[in-house]
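Analysis of the macromolecular model
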Amino acid sequence: MAGFFERIVHLDRRWIFLFVLLSVAAPIIVPIGLPVDETAPTRAAFDFIESLHDGDVVLISFDYGPSSAPENDPMAEAVMRQCALKKLRFVVCALYPLGALGLANNVVAEIEGEFPDLRYGVDYANLGYKDGAAAVMRRMGEDIAGAFPTDVKGTPLSQIPIMKGVHDLRQVKLVFTAATGLIGEWWITQVHPQVGVPVIIGPTAVSAPKYYAFINSGQIVGMLGGMKGAAEFENLLRERYPQMEKFYKTTRAFTATKGNDAQTVLHTVILLFLLLGNIAYIRHRAAAARGKA
């Protein structure tokens, strides 16, 4: 045992890097499916979307960039899947300036592949990116076509069937913002007071705590907090829609469930190294002290 801890003290750090890599990669390649406790904000978000009716319009705003995509992408995908399964129509836009449109296009393409019966312009639409964030939101509260005259393909909104009868955000039943930074918060503080549209936010884990104040005040109807919140939402989808159970077990795409497994395994490995490192250091220091004596 003494020899083991002596080796720990002098362990080449590259072995630690290798263990960290394996602890992240293995659960993503071979999902474990660790249990995830459900939280009230995630359940509230899921139940609110379930309460909507066939044909209702949901706005999904991509308010994040590539740096937080591993957390935010699964949220947006899961909400789109629920909309497709519930026969809700959804409209996508991007307000984050650094790569949000590319992320939106990628997620939409993935959902198109999963639900080939979805009809562009009828069941969903992609409005593309617009600079200005808060100003764009305020304009959408008055006139969506005033903020986005055309969709991402250059088609005027007046020619897109899904936008018939949807003049402004008052005709939208829900705004879901997958967000990092302040842009997601502006949907709550700028748009919700303006038109009263319900808002669900999907923030990164580091930002999630501040949104509990908005939940408690009734300014948002639910929240998917970080990777864990997205994994909870995926579990709720599996429980409600049996076909999603098979999908999440067999898909090769990255999901929040896989990411949550990876986080859990990684944190366990880090804690184990911290424990072993401290024990090894204490034993090494004690042995050095005895040698001096």
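Residues numbered from 1 in each chain as written. Predicted model: local features only at pLDDT ≥ 70, side-chain atom pairs only at ≥ 80, totals over all residues. Heavy atoms only, no water.

**Remarks on unusual backbone geometry**
A negative phi angle characterises most non-glycine residues, just as the trans form characterises most peptide bonds. Stated formally: Secondary structure elements follow DSSP: runs of H or I no shorter than four residues count as helices, runs of E no shorter than two count as strands, and numbering proceeds from the N terminus.
Look at lysine 87: it is not a glycine, yet its phi comes out positive at around 65°. Here lysine 87 lies in the loop between helix H4 (69-86) and strand E2 (89-94). The phi torsion at alanine 133 lies on the positive side, around 45°, for a residue other than glycine. Turning to its location among the elements, alanine 133 is positioned in the loop between strand E3 (124-129) and helix H6 (134-142).

**What to know about the state of the cysteines**
What counts is decided by this rule: The definition used for a disulfide is geometric: two cysteine sulfur atoms within 2.5 Å.
In the structure shown here, the tally under the stated rule is zero disulfides. Free of any disulfide, cysteine 83 has its nearest cysteine sulfur in cysteine 93, 13 Å distant.

**Some remarks on the pattern of salt bridges**
The condition is simple: What makes a salt bridge here is a side-chain nitrogen of Lys or Arg within 4 Å of a carboxyl oxygen of Asp or Glu, nothing more.
Within the structure shown, the criterion is met by 15 salt bridges. A salt bridge links arginine 240 to glutamate 50; its shortest N-O distance comes to 3.2 Å. Here glutamate 50 lies in helix H3 (residues 40-51) and arginine 240 lies in helix H10 (residues 226-240), a separation of 190 residues in the sequence. A salt bridge links aspartate 143 to arginine 139; the shortest N-O distance between them is 3.9 Å. Because the salt bridges share partners, they merge into one network encompassing Glu77, Arg81, Glu110 and Glu114.

**Observations regarding the nonpolar core**
Heads up, the rule is: Put simply, buried Ala, Val, Leu, Ile, Met, Phe, Trp, Tyr and Cys residues joined by side-chain atoms within 4.5 Å make one nonpolar core. Categorising residues by exposure relies on relative accessible area from a 1.4 Å probe, with only protein chains included: less than 20% of the type maximum marks a residue as buried, more than 50% marks it as exposed, and the intermediate range marks it as partly exposed. In this analysis, two residues are considered to be in contact whenever any of their non-hydrogen atoms come within 4.5 Å of each other.
Grouped together as the largest cluster of nonpolar side chains are 84 residues, with contacts concentrated most on Phe62 and Trp187. Here this core takes nine residues from H4, the largest share from any one element. Apart from residues no more than four positions distant in its own chain, tryptophan 187 is found in contact with Leu59, Ser61, Asp63, Leu95, Met137, Met140, Leu169, Val175, Thr177, His192 and Val199.

**With respect to the packing of aromatic side chains**
Our working rule: Each pair of aromatic rings taken from Phe, Tyr and Trp, with Trp reduced to its six-membered ring, is defined by centres within 6.5 Å and is described as stacked if the planes are under 30 degrees apart, edge-to-face if over 60, and tilted in the remaining cases.
Counted under the stated rule, the structure contains seven aromatic pairs. Aromatic side chains phenylalanine 19 and phenylalanine 273 sit 5.6 Å apart centroid to centroid with 65° between the ring planes, which places their arrangement in the edge-to-face category. Placement of the pair is phenylalanine 19 in helix H2 (residues 13-29) and phenylalanine 273 in helix H12 (residues 256-292), with a sequence separation of 254 residues. A relative accessible area of 22% places phenylalanine 273 in the partly exposed class.

**A closer look at the sheet that holds strand E6 (residues 222-223)**
We apply this condition: We treat two strands as partners when DSSP finds at least two bridges between them. Only the stretch in contact is used when fitting a helix axis, every axis being a line fitted to C-alpha atoms; angles between N-to-C directions are given from 0 to 180 degrees.
The parallel open sheet is built from six strands, whose spatial order is E3-E2-E1-E4-E5-E6. Looking along the sheet, the strands with just one partner apiece sit at the ends: E3 and E6. Bridge count for strand E1 (residues 57-63) against strand E4 (residues 174-179) is six bridges, and the pairing is parallel. Residue leucine 59 lies in a different strand from E4, and its bridge partner there is valine 175. Seen against the sheet, helix H5 (residues 100-114) touches E1, E2 and E3 and runs at an angle of roughly 165° to E3. In this fold helix H8 (residues 183-195) packs onto E1, E4 and strand E5 (199-203), with an angle of close to 165° to the strand it touches most, E5.

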